[in-house]
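Residues per chain are reported as follows:
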Amino acid sequence: MRAQLLLAVVGGVVLADPNTGHVRNRGSGAIHPYAKYKSLAFQGADTASSSTTPVQTTPAPTQPPLECFQVAEPVLTPSGLTRRDLSLVPSFAPADQKPIEAAVDDSSQPSPCAVVLMEHTFASSYGAPFVGEYLPPDCDFDHVVINFTTLVKGRQFDRTGVFYIGDIEVWRTSTAEPTSYGIRWEWLKDMTAFFSLWKQSQTLIFDLENNVDDTYTGLLNTTLTATFFKAPPGKPKLSPGSNRGSPADLIIPISQRLGAEGKPSQFVYPAQEAKSDVTNFPHNANRAVVTVDVKGQGNEEFWWSNALQSAVDAFTPTYGVPYPGYSPFREVQVLIDGHLAGVSWPFPVIYTGGVVPQLHRPIVGIQAFDILEHEIDVTPFLPLLCDGSSHTFEIKILGLVDDGASGAQLSTTTDDEWYVTGKVFVWLDDADAVTTGTLGNLYTSAPTIALSQSLAQNATGANETLEYNLAVSRSLTITSHVKTQKGEGPVTWTQLLSYSNIGGISSFGNNNLNNFSISGADAVTGPNTNYSTSYAFPLFANSTADQTPDGNLTLWAQVDQGLHVEVRGDAVLPSGIEGFLALGKTSSGGGAIEGSVLQTWRNGTADYFRPGDNSFSRGAGSTHQEFSFGGMRHDGSVAELYHRNVSAFNDTITDDHVEFDGEQDTRQD
């Protein structure tokens, strides 16, 4: 891996709701500065470049839409390894990989087929998702890749999109905020993990909540296709002992199960309990894994910068409204029959309007187009789940409450709101097999929390600055003896997590600083499975906001964010290594590949100005991202397979270098 990819952190208002576009007062009256000033900025002119832009200026009709992208590793398609941060096939793609429109010769794999799942324009679409019917294609396949393409112009907030197959959420995304002359993006995603769903007739639901009126004019014009194909045969897979198995035989939703009514099945938490009763869990399961999909909305969108609960009203006299609270820490819990089975400390996704909008064009934030799920292996619970009784799966999201000094504990809820679903991936033995065993000790201790804080006043006694240092750690181990048709023995799920946030609120509530980090390691071991992952999420965000008495608005921000993920063994969801393995790109030198390593660092600065008379606005943004993806060998060495180093200033790529399996990719925009 490149040494320079260091994942260490460098050093009374009523507003339009960014999630709905409608004007509303939140239940608590709280508003985060990122939401408050974003809404005020939306009242100004379009700021696609650093030049002064008068209100109502109409761009030249011939100006092409801006191409936006999320930097990511390639994905396997019938054309070979295909870049999804440009949606281009590298010029040196293997000759034996046929493009989708080409006929195959006698010695190649069966012809792939593509299906248009959706062509739809989302206008005022709250409560009006796209609903369609899916029939399995008439071709032989073992892989599925979707392509989601969007074109939008005008003025619009970033929006949340959720794709369901029946009652099961299979993908969550968000949209980019457009320019007046338009933006466009594509996203390719490997959906092979949901193979059992693709083999059956289904109701498809795509929920993309948009609002269009005289102010928010952006129509989201979308196309969703799926490509079905056979992967090349006879190529090496992961090394023995770490074999990636077949997709799950069964997927059980943890959702409201409203697919038959043509409605989205997500829970809106905490107003709704995110809980599902499963009455027919299979008695012949040999492995089970829960994944969780969560996205903070409203006062939870910027949860990682929320105030300590004791300080939510500290700046109300000067800032004007309370701060969103429950601390800048969140824990997602998965419970089975009330017992804690595992946790996820979520990645702090910053969506394309977040902090300062000029940070996100054309390079969107990490995971903005593909909000990833966390895997929690619940195989140790099989002696309980396979007993023929009804069982309850529940997802909770908790923050912290504190005493205003050094004491803090997990809260019982959060602010409004979170979109939540989950699912259980299940692998089965023969139909007449019965899984038994001895359930282990299900006691789990609370996390360890260390907190210090200081609230300072100015000469008149007004609260001016809050500084805090918050650290949280947790360990969790569950071991059971599990007996399946494939074997028996102890199965152990372990998690070890650490969190820190050295943060502050200053300028009487208008400025924010967060030096944030999450790191963790999860693993499951047992007779039939072997999976482990480690991860780190560093984030440094420093922002200032000033609004003068005559209405002049000035915003500035620096945001540096990283992601480091290592995956070994039997992952449920694709890690990115699958396409390289299928094409034999990882077998030369250094031994067999046991897993993957993804490492990226994205840093940006942006500013924005709009005078009080709203006569013009101007803004500028600079972004740089370095991304590296590789295969991990048994000895710990890494074979770098994809690398991109890209910079942008004011909607324009200024530098871009891509290496694909050690070769420079010359096919770029």
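Conventions and cut-offs
- Residues numbered from 1 in each chain as written.
- Predicted model: local features only at pLDDT ≥ 70, side-chain atom pairs only at ≥ 80, totals over all residues.
- Heavy atoms only, no water.
- Disulfide = S-S within 2.5 Å.
- Helix = DSSP H or I, 4+ residues; strand = E, 2+ residues; numbered from the N terminus.
- Buried < 20%, exposed > 50% of the residue type's maximum accessible area, 1.4 Å probe, protein only.
- Pairing = 2+ DSSP bridges.
- Axes fitted to C-alpha atoms, helices over the stretch in contact; angles between N-to-C directions.
- Core = buried A, V, L, I, M, F, W, Y, C linked by side-chain atoms within 4.5 Å.
- Contact = heavy atoms within 4.5 Å.
- Salt bridge = Lys/Arg side-chain N within 4 Å of Asp/Glu carboxyl O.
- pLDDT = per-residue confidence, 0-100.
- Phe/Tyr/Trp six-rings, centres within 6.5 Å; stacked < 30°, edge-to-face > 60°.
- Lys NZ or Arg CZ within 6 Å of the ring centre and 35° of its normal.

A. Structural context of the state of the cysteines. Using the criterion set out here, one finds 1 disulfide in the structure. Put simply, Cys 113 and Cys 139 are joined by a disulfide, and their sulfur atoms are 2.0 Å apart. Here Cys 113 is found in strand E7 (residues 113-122), whereas its partner Cys 139 is found in the loop between strand E8 (130-134) and strand E9 (143-152), with 26 residues between them in sequence. Here Cys 113 matches Cys 139 in class, with each residue buried.

B. Representation of the sheet that holds strand E11 (residues 168-174) within the structure. A sheet is described by the order of its strands in space; here 4 strands give the open sequence E8-E13-E10-E11, paired in antiparallel fashion. The outermost strands of the open sheet, each flanked by one partner alone, are E8 and E11. Here the strands of the sheet are splayed against their neighbours by 15° on average, with no regard to which way each runs. Of the pairings in the sheet, the one linking strand E10 (residues 160-165) to E11 comprises 6 bridges and is antiparallel in character. Of the residues in E11, the one forming a bridge with Phe 163 is Trp 171.

C. Looking closely at the nonpolar core. One finds Phe 281, Trp 304, Val 355, Phe 381, Phe 393, Val 420 and Val 424 to be the most contacted residues of the largest nonpolar core, which totals 120 residues. Counting residues per element, this core draws most heavily on strand E28 (residues 463-484), at 7 residues. Sequence-distant contacts of Trp 304, that is, excluding residues within four places in its chain, are made with Tyr 34, Pro 328, Pro 348, Val 349, Ile 350, Val 355, Asn 501, Asn 514, Phe 516, Leu 539 and Ala 541. Among the nonpolar cores identified, the runner-up in size contains 47 residues, and Ile 183, Leu 197, Leu 204 and Phe 228 belong to it.

D. Here's a closer look at the pattern of salt bridges. Counted under the stated rule, the structure contains 21 salt bridges. A salt bridge links Asp 142 to Lys 230; the nearest nitrogen and oxygen atoms lie 3.8 Å apart. In this pair, Asp 142 sits in the loop between E8 and E9 while Lys 230 sits in the loop between strand E14 (220-229) and strand E15 (250-254), placing the two residues 88 residues apart along the sequence. With relative accessibility at 25%, the residue Lys 230 sits in the partly exposed group. The shortest N-O distance in the salt bridge between Asp 656 and Arg 644 comes to 2.7 Å. Of this pair, Asp 656 sits in strand E36 (residues 652-660) while Arg 644 is found in strand E35 (residues 638-649), placing the two residues 12 residues apart along the sequence.

E. Examining the environment of Phe 508 more closely. For Phe 508, the position within the fold is in the loop between strand E29 (487-506) and strand E30 (511-526). For Phe 508, a relative accessible area of 23% puts it in the partly exposed group. Separated by 192 residues in the primary sequence, Phe 508 and Thr 316 have C-alpha atoms spaced 8.7 Å apart. The contact partners of Phe 508, leaving out residues within four places of it in the chain, are Phe 315, Thr 318, Tyr 319, Asn 458, Ala 462, Asn 463 and Glu 464.

F. Structural detail: the sheet that holds E9. Read across the sheet, 5 strands follow the order E4-E12-E9-E14-E7 without closing on themselves; strand pairing throughout is mixed. What marks the edges here is a single partner per strand, and that holds for strand E4 (66-67) and E7. The sheet contact formed by E9 and E14 spans 9 bridges and is antiparallel. Across the sheet, Thr 150 pairs through a bridge with Thr 222, a residue of E14.

G. Quick peek at the environment of Leu 583. Examined against the element boundaries, Leu 583 turns out to sit in the loop between helix H5 (578-582) and strand E33 (593-610). The exposure class assigned to Leu 583 is buried, which follows from its relative accessible area of 10%. In sequence terms Leu 583 and Leu 81 are 502 residues apart; their C-alpha atoms lie 8.2 Å from each other.

H. Quick peek at the pairing of E15. Of all 5 residues in E15, 4 are buried; the element is thus mostly enclosed. In terms of strand pairing, E15 meets strand E25 (residues 418-428) through 5 bridges, oriented antiparallel. Paired with Pro 253 across the strands is Lys 423, a residue of E25.

I. Fine view of the confidence of the model for the protein. Averaged over the protein, the pLDDT score is 87; the fraction of residues at 70 or greater is 86%. Per-residue pLDDT stays below 50 along residues 1-27; that stretch engages in 88 contacts with residues further than four places along the chain or on separate chains. Between residues 89-107, whose pLDDT stays under 50, and residues either more than four places distant or in other chains, the model counts 39 contacts.

J. Representation of the packing of aromatic side chains. In the structure shown here, the tally under the stated rule is 29 aromatic pairs. Between Phe 315 and Tyr 323, the aromatic rings sit 6.4 Å apart at their centres with planes inclined by 55°, giving tilted as the arrangement. Neither residue differs from the other here; Phe 315 and Tyr 323 are each classed as buried. Taken together through their ring pairs, the aromatic side chains of Phe 122, Phe 148, Phe 163, Trp 171 and Phe 206 make up a single cluster. Against the face of Phe 141 rests Lys 199, its NZ or CZ located 4.7 Å from the ring centre.

K. Structural detail: the environment of Lys 199. Mapping Lys 199 onto the fold places it in the loop between helix H2 (195-198) and strand E13 (202-208). Since its relative accessible area comes to 43%, Lys 199 is described here as partly exposed. Sequence separation between Lys 199 and Leu 135 is 64 residues, and the spatial gap between their C-alpha atoms is 8.3 Å. When residues no more than four places from it in sequence are discounted, the contact partners of Lys 199 are Pro 136 and Phe 141.

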